[in-house]
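# Structural overview
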Amino acid sequence: MIDKVQASIAAAVAPIHDGAQVLVGGFGDAGVPYELLHALLDQGTRDLTLVCNNAGTRDTGVAALILARRVRKIICSHPRPPMSDAFANAYRAGQVELECVPQGTLAERLRAGGAGLGAFFTPTGYGTLLAEGKEQRVVDGVGYVLEQPLRGDFALIRAHLGDRWGNLMYRWAARNFNPVMCMAARHAVAQVDRVVELGALAPEAIMTPGIFVKTVVPLEH
């Protein structure tokens, strides 16, 4: 019997090792797996590379990991959202590296990684500092930059509902990066508001199929 439900958040993040590349879902505060990130902090895992939309705010989530000096590198498209002093101070002090990726390019790199595709050309960033060191070419008068697929050892994501097979549904804007990050990770961990019975989710309404999810952990017991 397939049952991917894990009883505790601590157990769900236990496989994440030092030096891992972790994809972190969310856009703003929507769909951010705060509980999983804080469990990772409590676990003491360090030397992490985090792939996320922004570099964290206040002192929670990604920012909490940065403040604890657990993060070696951030790959993101928006490193300085409001109240992002944790990242800004760490970056100025040389404590964390930054790879800045345009938002659409970040999503497409993850999609390519999850779909098993190779590098792709995009016009975004052509002729700018973001294209330095990358192959650039002009096709039919349009400049393009070659971007590489992006994958993770783990993904930490937040969904609304999940079942024991790992099928997921998201609520409102929480869908954002979460589905594509599940696809691009070797081991996706989903915190859900509630686990429902198998068959309760209509097949046509499932947003992330369980084949892309390794672990489901409910916030409601």
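Here is what the cut-offs are and how they apply
Residues numbered from 1 in each chain as written. Predicted model: local features only at pLDDT ≥ 70, side-chain atom pairs only at ≥ 80, totals over all residues. Heavy atoms only, no water. UniProt positions renumbered as here; feature names shortened; annotations may be inferred. Phe/Tyr/Trp six-rings, centres within 6.5 Å; stacked < 30°, edge-to-face > 60°. Helix = DSSP H or I, 4+ residues; strand = E, 2+ residues; numbered from the N terminus. Pairing = 2+ DSSP bridges. Buried < 20%, exposed > 50% of the residue type's maximum accessible area, 1.4 Å probe, protein only. Contact = heavy atoms within 4.5 Å. Axes fitted to C-alpha atoms, helices over the stretch in contact; angles between N-to-C directions. Core = buried A, V, L, I, M, F, W, Y, C linked by side-chain atoms within 4.5 Å. Polar contact = N/O pair within 3.5 Å; in protein donor to acceptor, adjacent residues only side chain to side chain.

Under the annotation held in an unreviewed UniProt entry, the protein carries the name 3-oxoadipate CoA-transferase and is attributed to Bordetella genomosp. 2. According to the UniProt record, the Sequence similarities (unreviewed entry) comment for the protein is "Belongs to the 3-oxoacid CoA-transferase subunit A family."

Tallied over the full model, the rule gives one aromatic pair. Ring geometry for Phe-87 and Tyr-91: centres 5.6 Å apart, planes at 20°, overall stacked. In this pair, Phe-87 and Tyr-91 both sit in helix H4 (residues 85–92), four residues apart, roughly one turn of the helix.

Glancing now at the pairing of strand E6 (residues 136–139). Taken together, the four bridges between E6 and strand E7 (residues 142–147) define a ladder with antiparallel strand orientation. For Arg-137, the partnering residue across the bridge sits in E7 and is Tyr-144. Once E6 ends, the chain turns through two residues before running back antiparallel as E7, passing Asp-140 with a positive phi of about 50°.

To continue, consider the environment of Arg-175. You can see Arg-175 is positioned in the loop between strand E9 (168–169) and helix H6 (178–184). Note on Arg-175: relative accessible area 41%, which makes it partly exposed. Sequence separation between Arg-175 and Gly-125 is 50 residues; the distance between their C-alpha atoms is 26 Å. For Arg-175, the residues in contact, after removing those within four places along its chain, are Tyr-170 and Met-207.

We now examine the sheet that holds strand E5 (residues 120–122). Overall, antiparallel pairing links the three strands, which are arranged E5-E7-E6 in an open sheet. The sheet is open, and its two edges are formed by E5 and E6, each paired on a single side. In this sheet, neighbouring strand axes are inclined to one another by 40° on average, regardless of whether the strands run parallel or antiparallel. Inspection of the sheet shows E5 paired to E7 by three bridges, in the antiparallel sense. The partner of Thr-122 across the bridge, within E7, is Val-145. Docked against the sheet, helix H5 (residues 103–115) engages E5 and E7, running at close to 165° with respect to E5.

The biggest cluster of nonpolar side chains holds 30 residues, and the ones touching the most others in it are Ile-16, Val-22, Leu-36, Leu-50, Val-62, Ile-74 and Leu-156. Those elements that place two or more of their residues in this core are helix H1 (9–13), strand E1 (21–24), helix H2 (34–43), strand E2 (48–51), helix H3 (62–67), strand E3 (71–76), H4 and strand E8 (152–162). The biggest single contributor to this core is H2, with five residues. Beyond its immediate stretch of four places on either side in the chain, Leu-156 contacts Ile-16, Val-22, Leu-23, Val-24, Gly-25, Pro-33, Leu-36, Leu-37, Leu-40, Asn-178 and Val-189.

With that settled, the discussion passes to the side chain of Asn-178. Looking at the element boundaries, Asn-178 is found in helix H6. On the basis of relative accessible area, Asn-178 is assigned to the buried category, the value being 0%. Within polar-contact distance, the side chain of Asn-178 engages the backbone oxygen of Arg-158 at 3.3 Å. Leaving out residues up to four positions away in the same chain, Asn-178 has contacts with Gly-25, Gly-26, Gly-31, Leu-156, Ile-157, Arg-158 and Tyr-170.

This paragraph deals with unusual backbone geometry. Only a minority of non-glycine residues have a phi that is not negative, and only a minority of peptide bonds are not trans. One non-glycine residue with positive phi stands out, namely Met-83, at about 60°. Among the secondary structure elements, Met-83 is positioned in the loop between E3 and H4. The backbone phi angle of Asp-140 is positive, close to 50°, even though this residue is not glycine. Here Asp-140 is to be found in the loop between E6 and E7.

It is worth spelling out H4 at this point. For H4, the complete set of buried residues consists of Ala-86, Phe-87, Ala-88 and Ala-90. Contact partners of the buried residues in H4: H3, E3 and strand E4 (97–100). In the stretch just after H4, Gly-94 is the one whose phi turns positive, near 75°.

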